[in-house]
Amino acid sequence: MTESNGSVSPEQNETTPVWEKRFRAPRVSLPDWAEDAPDHALFVSNATGTYELYAWDRSTGGQRQVTDRPNGTTDGVLSPDGAWIWWFDDKDGDEFGVWRRQPFTGGEGELAAPGLDASYPAGLALSRDGRTAVVGRSTDEDGTTIYVARADENPVEIYRHRESAGVGDLSHDGSLIALEHTEHGDAMHSALRVVRLDGTAVAELDDTKDGTEELGLEVLGFAPVEGDTRLLIGHQRRGRWEPLVWDVATGEESDLALDLPGDVSAEWYPDGTGLLIAHSFEARSELFRYDLTTRELVGIPTPPGSVSGATARPDGSVEYLWSSAAEPSTVRSTTGRVVLDPPGLKSPGSVPVEDVWVEGPGGRIHALVQKPQGVSGPLPTVFDIHGGPTWHDSDAFAAGPAAWVDHGYAVVRVNYRGSTGYGRAWTDALKHRVGLIELEDIAAVREWAVSTGLADPDRLILTGGSWGGYLTLLGLGTQPDSWSLGIAAVPVADYVTAYHDEMEALKAMDRTLLGGTPEEVPERFEASSPLTYVDQVKSPVYISAGVNDPRCPIRQIDNYVKRLETRGATHEVYRYDAGHGSLVVDERIKQVRLELDFAARHLPPRG
């Protein structure tokens, strides 16, 4: 890898703020490797100042940049034979595009699946010989369609439905395709179908049919063994995500029944004899090996913190991407070495998180707190709300919260109802009172922060991106006396307009969350829309938005801003030429600098 354009020179290094160095420091993702060519790997890095795909020949150590686009590239797949790199080519971050490919060793790229028009991606699976691809597509006009694309042949449609679906995996011999679908209309809980390459069904599994519980399934992968019809899947039958092995030929289900309290995911070891288990619980994670013959679960030592990705190598070692709130991410191996260490500036660390549990209206709420060392409260405090909503904040390194801490703020992150990692009931609690439920939990943690002397009640910032940006605007309108100012990035601001303009898969999710369309349940959309409460907003508001965003489209943000302008409310808007966030380091730094500046100018002084 060449020296990073996102790095700083030795002269600049002396004057560059610590918070900015965290963004500029080169970082890498966990390398993906080719099943039949393990020395061929693919990873993402910001080494040039923009996140792009890189090929890595581990046998020689050679690395090369694969993609080079103004707004960056992160969606890429390495073919099982290691010969091709597929990557998704959209326009200016709008997530609507086509798959392209180029040889692993370099050379001219080409359209990977000729005959398929641009779409939103809905999964991709490649055969071991590289001659067959299963391509999932999503469009407003067609819903979800899935095609089999073979070399030198026209793509053949094998699946079509208005509701969301996606390609899960292709069996080792290339004869079976595992699909996730929501034909039942619940976009939060998928059912599974296994089909042949001509689309004929082989097996079905649907945990939503009994009508008493809303249970989801997910594809984790076919066994990596020739002729093996075992499919590793995730289920929610005991109130959390757990793996089981389903033989799609015989219908036999082998429930692992792991005695672990949190959500569990898994992937196969390369020989098919065991599973690499990833366990997420209360904002931390850990790894295990599960032997399918002895049914023994053995811990894999990792430092305290969060493992955001892991893979088992053919030699039995495990490589994983690890970080904590205090220590930046590294790609490590159970052999004890650092797998991939980018050159250039090293990211400064930050302060560790403290765990807080607060009683809320729906149960105990877990929050993570960071605060400047050696400074007593009450402190100006930033409530940094995560997106998703099906996501969670964890003890993992994050440059954004660290920047606030550097500037003297305490940072509180709340894993509100809707967050993952605390059981299915907690994640699924959002139905119908969307946004309002999450804000009840945030209000409970706010009360704790003020009553304990951590937070200054007159200097409280509500902020977040995506769903966190949505909750920020909704909170400023429904809790106007609770917040001193709000900073919302790529938010939902006008829920009705957002629904009509957003990508089809998110329409399906909104129908599930709110119980219908804006025309069918107008009162729910109104109750959950920040635009409904915009006239109650008292605090200064800062909004940033990507003009090509398909998730939180620009028109609905403009509608909200016009209402602020009509009232003469204090606000600032920053629009940038990208989609749902930016993959350009300089652009991201600019956005954080604007947010810090807005807070410095508008937050009341202490006392």
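Please read these numbers as outputs of a predicted model, since none were measured by experiment. (Residues numbered from 1 in each chain as written. Predicted model: local features only at pLDDT ≥ 70, side-chain atom pairs only at ≥ 80, totals over all residues. Heavy atoms only, no water.)

**Concerning the confidence of the model for the protein chain**
Here's step 1: Summing up the model confidence of the protein chain, the mean pLDDT is 95 and the portion of residues at 70 or higher is 97%.
Here's step 2: Note that residues 1–11 has pLDDT below 50 and, in this model, 34 contacts with residues that lie over four places away or in other chains. (pLDDT = per-residue confidence, 0-100. Contact = heavy atoms within 4.5 Å.)

**Let's talk about helix α8 (residues 504–514)**
Here's step 1: Most of α8 is tucked away, with eight of its eleven residues classed as buried.
Here's step 2: Of all the positions in α8, only E504, K507, A508, D510, R511, T512, L513 and L514 are classed as buried.
Here's step 3: In this structure, the buried side of α8 is in contact with β10 (132–139), β11 (143–150), α6 (467–478), α7 (495–501) and α9 (522–528).
Here's step 4: Just downstream of α8 lies G515, where phi reads positive at about 85°. (Buried < 20%, exposed > 50% of the residue type's maximum accessible area, 1.4 Å probe, protein only. Helix = DSSP H or I, 4+ residues; strand = E, 2+ residues; numbered from the N terminus.)

**Description of the environment of P103**
Here's step 1: Among the secondary structure elements, P103 is positioned in strand β7 (residues 97–103).
Here's step 2: Looking at P103, the relative accessible area reads 21%, which means it is partly exposed.
Here's step 3: In sequence terms P103 and W84 are 19 residues apart; their C-alpha atoms lie 4.6 Å from each other.
Here's step 4: Those residues in contact with P103 that sit more than four places away from it in its chain are R64, A83, W84 and E108.

**A few points about the sheet that holds strand β6 (residues 84–90)**
Here's step 1: On the basis of which strands lie adjacent, the open sheet formed by four strands has the order β5-β6-β7-β8 and antiparallel pairing. Every other strand in the sheet has two partners, leaving β5 (76–78) and β8 (110–111) as the edge strands with one partner each.
Here's step 2: Strand direction decides the pairing type here: β6 and β7, joined by seven bridges, are antiparallel. Paired with D90 across the strands is G97, a residue of β7. (Pairing = 2+ DSSP bridges.)

**Some remarks on the pairing of strand β14 (residues 176–181)**
Here's step 1: Burial runs high along β14: five of the six residues are buried.
Here's step 2: Relative to β14, strand β13 (residues 165–170) runs antiparallel, the two being bridged by five bridges. Residue A165 lies in a different strand from β14, and its bridge partner there is H181.
Here's step 3: Hairpin remark: β13 followed by β14, antiparallel, with five residues in the connecting loop; positive phi at G174, about 75°.

**Side note on the packing of aromatic side chains**
Here's step 1: Enumeration over the complete set of coordinates arrives at 14 aromatic pairs.
Here's step 2: Considering the side-chain rings of W357 and Y422, the 6.4 Å spacing of their centres and the 80° angle between planes classify their relative orientation as edge-to-face. You can see W357 sitting in strand β29 (residues 354–360) and its partner Y422 sitting in the loop between β32 (410–415) and α4 (424–427), a full 65 residues away along the chain.
Here's step 3: Judged by relative accessible area, which is 30%, W357 ranks as partly exposed.
Here's step 4: What makes Y422 partly exposed here is its relative accessible area of 21%.
Here's step 5: Arranged with centres 5.8 Å apart and planes meeting at 80°, the rings of Y499 and F525 form a pair that is edge-to-face. Of this pair, Y499 sits in helix α7 while F525 sits in helix α9, and the two are 26 residues apart along the sequence. (Phe/Tyr/Trp six-rings, centres within 6.5 Å; stacked < 30°, edge-to-face > 60°.)

**Focus on the pairing of strand β2 (residues 37–45)**
Here's step 1: A large share of β2 lies buried, amounting to seven of its nine residues.
Here's step 2: The antiparallel pairing of strand β1 (residues 32–34) with β2 creates a hairpin that spans two residues between the two strands.
Here's step 3: Sheet topology note: the β2/strand β3 (residues 52–57) ladder contains six bridges and is antiparallel. Across the sheet, the residue bridging to H40 is D57, located in β3.
Here's step 4: Where β2 folds back onto β3 in an antiparallel hairpin, the turn is made up of six residues, including G49, whose phi is positive at roughly 95°.

**A word on unusual backbone geometry**
In most cases, non-glycine residues show a negative phi, while peptide bonds are predominantly trans.
Here's step 1: With an omega of 0°, the peptide bond running from G377 to P378 counts as cis.
Here's step 2: Its location among the elements puts P378 in the loop between β30 (363–370) and β31 (379–385).
Here's step 3: With an omega of 5°, the peptide bond between G388 and P389 qualifies as cis.
Here's step 4: Looking at where P389 falls in the secondary structure, it is placed in the loop between β31 and α3 (399–406).
Here's step 5: In this model, D92 sits at a positive phi of 55°, which is unusual for a non-glycine residue.
Here's step 6: Topologically, D92 is positioned in the loop between β6 and β7.
Here's step 7: Its relative accessible area of 30% is what places D92 among the partly exposed residues.
Here's step 8: One non-glycine residue, R295, adopts positive backbone phi at about 60°.

**Some details on the nonpolar core**
Nonpolar side chains in soluble globular proteins tend to end up buried together.
Here's step 1: Counting residues in each nonpolar core, the largest one holds 57 residues, and the members touching the most others are F383, I442 and Y560.
Here's step 2: Contact partners of Y560, with chain neighbours within four places excluded, come to L473, A493, P530, L531, V534, V537 and I543.
Here's step 3: In terms of nonpolar packing, the next biggest core, distinct from the first, is built from 26 residues, V382, A399, W404 and A489 among them. (Core = buried A, V, L, I, M, F, W, Y, C linked by side-chain atoms within 4.5 Å.)

**Considering the sheet that holds β3**
Here's step 1: The strand order across the open sheet formed by four strands is β1-β2-β3-β4, and the pairing between neighbours is antiparallel. The strands lining the two open edges of the sheet, one partner per strand, are β1 and β4 (62–65). Recorded for the sheet is a direction-independent mean angle of 25° between the axes of neighbouring strands.
Here's step 2: The pairing of β3 with β4 spans four bridges and is classified as antiparallel. Its bridge partner being in β4, Y54 is matched across the sheet by Q65. (Axes fitted to C-alpha atoms, helices over the stretch in contact; angles between N-to-C directions.)

**Digging into the packing of helix α5 (residues 436–451) against α6**
Here's step 1: α6 packs onto α5 with a crossing angle of 75° between their chain directions and a minimal axis gap of 10 Å. The angle between α5 and α6 places the two elements in the roughly perpendicular class. Touching L436, E438, L439 and I442 of α5 are W467, L471, L474, G475 and T478, all from α6.
Here's step 2: For the contact of α5 with α6, the per-class residue count stands at six nonpolar, two polar and one charged. (Parallel < 35°, antiparallel > 145°, perpendicular 65-115°, else oblique. Nonpolar A, V, L, I, M, F, W, Y, C, P; charged D, E, K, R; others polar.)

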